[in-house]
Structures are given as C-alpha cells and as structure tokens.
Amino acid sequence: MKTIRSICVYCGSSSGRDPSYVAEGRALGRAIAEADWRLVYGGGTKGIMGAVANGVKEAGGAVTGIIPRFLIDMEATERELKGLDELIVTENMHERKHLMFERSDGFVALPGGIGTLEELVEIMTWSQLGRHEKPIVIANLNGFWEPFSRLVEHMAEEGFLHRASQVRPLVIDETDGIVEALANQFQTLSSAGSGREEIIERL
Ligand SMILES: Nc1ncnc2c1ncn2[C@@H]1O[C@H](COP(=O)(O)O)[C@@H](O)[C@H]1O
C-alpha cells in the first residue's frame, strides 16, 4: 500500500496580523513530524513558513527547503537555512515550484499572501488538468480561505469549472484535522487511481 512520505506546505512568508497563524503553522509542523512525514516547503525562515519548519524540527522531523537563489536574502537567514536537513537552491521560481511538486505526496495551503495563492491555484490547476492525483488541503484557519472558496463556487455556478470533479481540495477548519484528512484523501485517491503515472515529463 502506498503511503505519504512528504507533504508540501504553502503559506505566508509573513506572519499575518493574528498571532494564531504562526502558532497554527508551528502546530501543523509538529503534526507533520509526528506523522513521520517530511516537510517540503519554500525554504523561507520567516513568517508562517519559518514557523512550520520550526514546528517540524521541534518534533524531530525532517525538512526540505527549496528556494530560488534570488530570494535567499529576502526570505531566509543563512544561519537558519543551515538548520534544514536538505536545502535545494534553484535558479528560478518555476524550477522551485516544480521541485516542490515532484517531491511531495500532498499539499496544504495555510493562510498567506499572493505567493501562497498562486501556489495553491497552480496545484489545483494541475489537478484539474489531470496532471496529478495528490491530495490538496486548504487550511481554512479563522475562515481565512472563505472568500477564495466563494470565488471557486461562483466559477462553478457560472459554468467555468469544466472538470470540477478533478479539483478536489479539502477545506479543513482546524489544524488538528489536517494530517488525518491528507492521509484519508491520499488513500482514496490512490485506490481510485487511473493508473496514470503521477508526474508527467513536463507540466
Ligand atoms: N508569484 C509567485 N509565484 C509563486 N510563488 C510566489 C510568488 N510570489 C511569492 N511567492 C512565494 O510564495 C511564498 C509565500 O509568499 P507570500 O506572498 O508571502 O504568500 C514565498 O516563498 C514566496 O517566495
């Protein structure tokens, strides 16, 4: 039976206004480590990104950070980067996002900004296009993603989600439920798999 080995977390490089975002990011990191999954993330050591990675390390887990060279000074400190178990420096954003995708068995979007939104939408797009069948969880902490969910519903109502059945993000309101939701959805998607290889040569 296939099982999850690594999970990609998309989240803000900032902390956000409510301190609970950082606290919940850290809690998710701990839960990922306790599930014995590796964290794959964008390598930033600040904001919610840093909190998730710190949570994983606190609980004895392993972290892979994937960061483009030009972002190192903006989103990380050299000292903290050295604390990652694996650091991959890419030449551009495209390579970073592709590697994050390839190395992960599922995805979680915590609250964040434009970068987080772009990453979430991209992974949903690839699912819609049948490029992968990996679970996607939207962590709707404090109802953060409700405006986005409403937009997606509106798109469906207006007839723009042609293959809605292939975009199956789970919306989970509490950090506590995320690991279980990922594990269950991974099993469901694996057993319902179309037999298609999960990664194509080029997305
Ligand atoms: N346009 C972007 N595409 C992909 N990723 C991006 C983009 N802008 C920023 N990012 C990265 O996403 C994370 C989180 O960014 P937030 O804007 O704080 O949500 C960060 O690593 C950015 O480098």
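Sequence order as written defines residue numbering, which begins from 1 separately in each chain. Note on the predicted model: pLDDT of at least 70 is required for a residue's local features to be given, and 80 or more for side-chain atom pairs to be given and counted; whole-chain, interface and lining totals, by contrast, use all residues. Note: side-chain values were computed over all heavy atoms of the structure, leaving out hydrogens and water.

How should I be thinking about the confidence of the model for the protein chain in this particular structure?
Keep in mind that low pLDDT regions are not for reading the predicted coordinates in detail. Predictor confidence is given residue by residue as pLDDT, running from a minimum of 0 to a maximum of 100. Of the residues in the protein chain, 93% reach a pLDDT of 70 or more, and the chain-wide mean stands at 91. Contacts are assigned to residue pairs with any non-hydrogen atoms lying within 4.5 Å of each other. Note on residues 195-203: pLDDT under 50 across the span, and 14 contacts to partners over four residues away in sequence or across chains. For this predicted complex, the interface confidence comes out at an ipTM of 0.88, alongside a pTM of 0.92.

Help me understand the state of the cysteines in this model?
Joining two cysteines, a disulfide is a covalent bond between their sulfur atoms. Sulfur atoms of two cysteines make up a disulfide when they are within 2.5 Å. Taken as a whole and judged by the stated rule, the model has zero disulfides. Of the cysteine sulfurs around Cys8, a residue in no disulfide, the closest is that of Cys11, at 9.1 Å.

Help me out: how do you make sense of a nonpolar patch on the surface in this one?
A patch consists of residues exposed above 30% relative accessible area that lack any salt bridge, with like charges linked at up to 9 Å and nonpolar side chains (Val, Leu, Ile, Met, Phe, Trp, Tyr) linked at up to 5 Å. Computed with the Shrake-Rupley method and a 1.4 Å probe, the accessible areas treat only the protein chains shown as cover for residues. Any Lys or Arg side-chain nitrogen found within 4 Å of a carboxyl oxygen on Asp or Glu counts as a salt bridge. On the surface, Phe70, Met74 and Met93 cluster together into a nonpolar patch covering about 310 Å² of accessible area. Secondary structure is summarised from DSSP: a helix means a run of H or I of at least four residues, a strand means a run of E of at least two, and numbering begins at the N terminus for each. The residue Met93 is located in helix 5 (residues 93-102) in this model. Take Met93: its relative accessible area is 34%, and that puts it in the partly exposed class. The cut-offs for exposure are 20% and 50% of the maximum accessible area for each residue type, with area from a 1.4 Å probe on protein chains only; residues under the lower value are buried, those over the upper are exposed, and the others partly exposed.

How do you make sense of the environment of Ala62 when you look at a structure like this?
Within the element layout of this structure, Ala62 appears in the loop between helix 2 (47-58) and strand 3 (63-68). Along the backbone, Ala62 and Asp36 are 26 residues apart, and their C-alpha atoms lie at a distance of 8.6 Å.

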